[in-house]
Amino acid sequence: MAWLYLKVLLVGVSFLGCLYPLVDFCFSGETRGQKPNFVIILADDMGWGDLGANWAETKDTANLDKMAAEGMRSPERDCYTDVALPLYENLNIVEQPVNLSSLAQKYTEKATQFIQRASTSRRPFLLYVGLAHMHVPLTRIQLSAGPQHRTPYASNLREMDSLVGQIKDKVDRVAKENTFLWFTGDNGPWAQKCELAGSVGPFTGLWQAQQGGSPAKQTTWEGGHRVPAVAYWPGTVPSNVTSTALLSVLDIFPTVVALAGASLPPGRHFDGLDASEVLFGGSQTGHRVLFHPNSGAAGEYGALKTVRLEHYKAFYVTGGAKACNGSTGPEQYHEPPLIFNLEDVAEAVPLEPGSAEYRSVLPKVREALADVLQDIAHDNISKADYTRDPSVTPCCNPHQIACRCQTASQTDISTSRNVGK
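Now for a description of the structure that goes with this document. (Residues numbered from 1 in each chain as written. Predicted model: local features only at pLDDT ≥ 70, side-chain atom pairs only at ≥ 80, totals over all residues. Heavy atoms only, no water.)

Brief notes about the packing of helix α2 (residues 103-121) against helix α3 (residues 152-174)
- Running from N to C, α2 and α3 cross one another at 10°; their axes reach a closest spacing of 10 Å. Judged by the angle between their axes, α2 and α3 are roughly parallel. Residues A104, Y107, T108, A111, T112, I115, Q116 and S119 of α2 lie in contact with α3, whose contacting residues are E159, L163, Q166, I167, K170, V171 and V174.
- In terms of residue class, the contact of α2 with α3 is made up of eight nonpolar, five polar and two charged. (Axes fitted to C-alpha atoms, helices over the stretch in contact; angles between N-to-C directions. Helix = DSSP H or I, 4+ residues; strand = E, 2+ residues; numbered from the N terminus. Parallel < 35°, antiparallel > 145°, perpendicular 65-115°, else oblique. Contact = heavy atoms within 4.5 Å. Nonpolar A, V, L, I, M, F, W, Y, C, P; charged D, E, K, R; others polar.)

Points about the side chain of T220
- Inspection of the secondary structure puts T220 in the loop between α4 (206-211) and α5 (222-225).
- In this structure the side chain of T220 is engaged in a polar contact, spanning 2.6 Å, whose partner is the side chain of T306.
- Setting aside its immediate chain neighbours within four residues, T220 contacts H225, H292, P293, K305, T306, K313 and F315. (Polar contact = N/O pair within 3.5 Å; in protein donor to acceptor, adjacent residues only side chain to side chain.)

Structural notes on the state of the cysteines
- In the structure shown here, the tally under the stated rule is one disulfide.
- The residue that forms a disulfide with C194 is C324, at a sulfur-sulfur distance of 2.1 Å. Handedness here is read from the sign of the S-S torsion; for C194 and C324, about 110°, the answer is right-handed. Of this pair, C194 sits in the loop between β11 (179-185) and α4 while C324 sits in the loop between β16 (312-318) and β17 (332-341), placing them 130 residues apart in sequence.
- Exposure remark for C324: the relative accessible area of 43% places this residue in the partly exposed category. (Disulfide = S-S within 2.5 Å. Buried < 20%, exposed > 50% of the residue type's maximum accessible area, 1.4 Å probe, protein only.)

What to know about the nonpolar core
- The biggest cluster of nonpolar side chains holds 40 residues, and the ones touching the most others in it are I41, M46, M160, I167 and F183.
- Listing elements by their share of this core, those giving two or more residues are β4 (37-43), α1 (62-70), α2, β10 (125-130), α3, β11 and β12 (229-232).
- Ignoring sequence-local partners within four residues, the contact set of M160 consists of A43, M46, L64, L131, H133, M134 and F183.
- Among the nonpolar cores identified, the runner-up in size contains 19 residues, and Y128, A231, L247 and A260 belong to it. (Core = buried A, V, L, I, M, F, W, Y, C linked by side-chain atoms within 4.5 Å.)

Below, the structure written as structure tokens:
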């Protein structure tokens, strides 16, 4: 049994409830040859259409577009200087409030220094960068090149693209042959922020838009769930390829574990899959089924409201998210569900319930939903109560508008939710 030392850096900001700490640890395991390095970069609230390689109207992601050409891509209103949220290094807050004007530089310096140190040590490493970009609040950025009338969103998008490019350049200089770089986002743009939100591209959720409200972030329309994804590993990931396989951010964990030669923790089920065959082997087979929970729109928070089955999507609940114009779509429950064939990329017209296509798909949707509900019921489920753990509520200054502070009356209200899947 040999010892495998894995240097790990997770860097980021505790941003609107999303905590990205910095940690460094090692673990033991059997080594079989050289282990790969991993660089995972997660953008926040970045629309599918914000990546120029996806959407020709976008002109602000030259570095990501270059990475997409060299790798694989997958179909996955205020401006501030400071926010009262903490910047973490390991388990310590190193800056609060965070100065947004220097945050990109801090990300870049910390990431590139870590890559250099880890590469020099000749030990495999994992770098996870959880960006505050492109979530509001945005910062005022003065760019030396390009049109001076660029919007705040476009300027911040270009800043994010630049920092990703610098991280990739560092990988190329010191660890190119053995490093897998994976860039993606958490969800689509926050439409109610208007000009401070990104682009959903062609995934406009027209059925919902016509009802009123947003079909983007918080919702399970394609504009809310389809995000940019670029995989880069020269000589291993094929270059200039677009995959049509249905993948999920849930797949990052099992894929990295498998590539590292480790095993998933036993005694529980994982919704993600090892995407190695898609990324390296040319397979176009990913998930057959995905389930989308409510993330703040209509319905019970966290409850499954939409089933993705191959190229179909079935909605049991719609509405509830605010659009730029202030409208909120009416909360509607659908039984039987609305079903869209996603060849209709705008999700404009659902299948007619009396059609042969609808009657063929509906039993498969019901079976898939029953299977996942049974899986959840019989899996190991844990709960986290974020009102009672001081380590996840480090920011509580009621005079800072970005803080989410619990009042005396609020602390008695449970906000626990299932996190065991």
